[in-house]
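Commentary on secondary and tertiary structure
Here are the chains, one letter per residue:
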Amino acid sequence: MADKSARPIATLIFIVILAIMGLTTSPTISHASARPENEKKLIYSELIEARQQAGKQAEKEFPIPSSKRVGELKVGQIITLSSPNTPLIQTRGKPANLTEAVIKMENTVQLPPGTAIKVLRKEIYEKTDANTSYDYWIVVMDGVKGWIKKAVGIKGWIPSEAVEFQHPYNPSLETLKQKHGKLFYALLSESEKRLETKYNLQPTELKAIGDEGFKKHWPQTGLR
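Just so it is clear, the model here is predicted, and its values are computed rather than measured.

Following the sequence through the fold, Leu201 ends up in the loop between α5 (171-199) and α6 (203-216). By relative accessible area, Leu201 is classed as buried at 6%. Note: C-alpha distance between Leu201 and Ser33 (168 residues apart in sequence) is 9.5 Å. When near neighbours in sequence (up to four residues on either side) are disregarded, Leu201 contacts Arg35, Ile43, Leu195, Glu196, Leu206 and Ile209.

Shown next as structure tokens:
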């Protein structure tokens, strides 16, 4: 199967859950900044640059080797999940109202990395002109240390995209990813605080500018 997307797996899983629930999500602008748009664009470009630099530094300190994604699974295949909070949905179908949506979310089990699953079958869930989406009906073979024992042996649906975009499980690699992520967010937090001081921004205003720039596709470089 071709690699459809380079988006982070956590983002994909979140989008998949909302799609199955019949909900959609898009970037929203909260606490909109009243600053001139040219100034907001400048701040946005510096924010993007800070994220890029944090990513480069984290990659330098804790380089993550590339690996192929899991790809399409076959019936009978056993794999170990590598991504955090892979959703196991115990009932399918779009909820008719908000109450049903909440119940559906409450009945969704989040499988942690290190959990082994076996594919029992796969069925088409939704077919469109562009592509065909399907879900895997799986059984949880084993959990990870500290996870609730009653979850082992449960069955449910896992959206195909929530599994196929994961990388093969590697405990040492997962530890490396955690260190990489921790450093990235620490560096980014420092940069955001410098921007807030430089432009006299509140954290909510900086976030709003970031959301607005993302939604309006502002230039990410070349504004200084």
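This is not the end of the story, as more comes after the structure.
A separate point is the side chain of Thr108. By secondary structure assignment, the location of Thr108 is in strand β3 (residues 108-111). Here Thr108 is in contact with Pro87, Leu88 and Ile89, once residues within four sequence places are set aside.

This part covers the packing of helix α2 (residues 37-61) against α5. In the contact formed by α2 and α5, the axes pass within 8 Å of each other and the chain directions differ by 155 degrees. The angle between α2 and α5 places the two elements in the roughly antiparallel class. Regarding α2 and α5, the two cross each other, and that crossing is right-handed. Class assignment of the residues belonging to the contact of α2 with α5 gives a composition of twelve nonpolar, four polar and seven charged.

On to the nonpolar core, then. Nonpolar side chains in soluble globular proteins tend to end up buried together. With 15 residues, the main nonpolar core has Leu88, Leu111, Ile117, Ile138 and Ile158 as its most contacted residues. Non-local contacts of Leu88, meaning those with residues more than four positions away in its chain, are made with Asn107, Thr108, Val109, Leu111, Ile138, Val140, Ile154, Lys155, Gly156, Trp157 and Ile158. Core analysis: the second largest hydrophobic core is formed by ten residues, Tyr44, Leu201, Leu206 and Trp218 among them.

Turning to the pattern of salt bridges, a few remarks are in order. Counted by the stated rule, this structure contains nine salt bridges. The partner of Glu37 in a salt bridge is Lys41, and the shortest N-O contact between them spans 3.5 Å. A residue pair is termed a helical-turn pair when its members lie 3 or 4 positions apart in one helix, as Glu37 and Lys41 do in helix α2 at four residues. Residue Glu37 is classed as partly exposed on the basis of its relative accessible area of 37%. Under the relative-accessibility criterion, Lys41 is labelled partly exposed at 22%. Of the charged contacts, one joins Glu46 and Lys198 as a salt bridge, the two residues approaching to 3.2 Å between their closest N and O atoms. A residue pair is termed long-range when its members are at least 10 positions apart, and Glu46 in helix α2 and Lys198 in helix α5 qualify at 152 residues. The class for Glu46 is buried, based on a relative accessible area of 9%. Of the residues examined, Lys198 reaches a relative accessible area of 52% and is grouped as exposed.

About the thresholds
- Residues numbered from 1 in each chain as written.
- Predicted model: local features only at pLDDT ≥ 70, side-chain atom pairs only at ≥ 80, totals over all residues.
- Heavy atoms only, no water.
- Helix = DSSP H or I, 4+ residues; strand = E, 2+ residues; numbered from the N terminus.
- Buried < 20%, exposed > 50% of the residue type's maximum accessible area, 1.4 Å probe, protein only.
- Contact = heavy atoms within 4.5 Å.
- Axes fitted to C-alpha atoms, helices over the stretch in contact; angles between N-to-C directions.
- Parallel < 35°, antiparallel > 145°, perpendicular 65-115°, else oblique.
- Left-handed = near helix turned anticlockwise from the far one by under 90°.
- Nonpolar A, V, L, I, M, F, W, Y, C, P; charged D, E, K, R; others polar.
- Core = buried A, V, L, I, M, F, W, Y, C linked by side-chain atoms within 4.5 Å.
- Salt bridge = Lys/Arg side-chain N within 4 Å of Asp/Glu carboxyl O.

Fair warning: the whole summary comes from geometry, so function is off the table for now.
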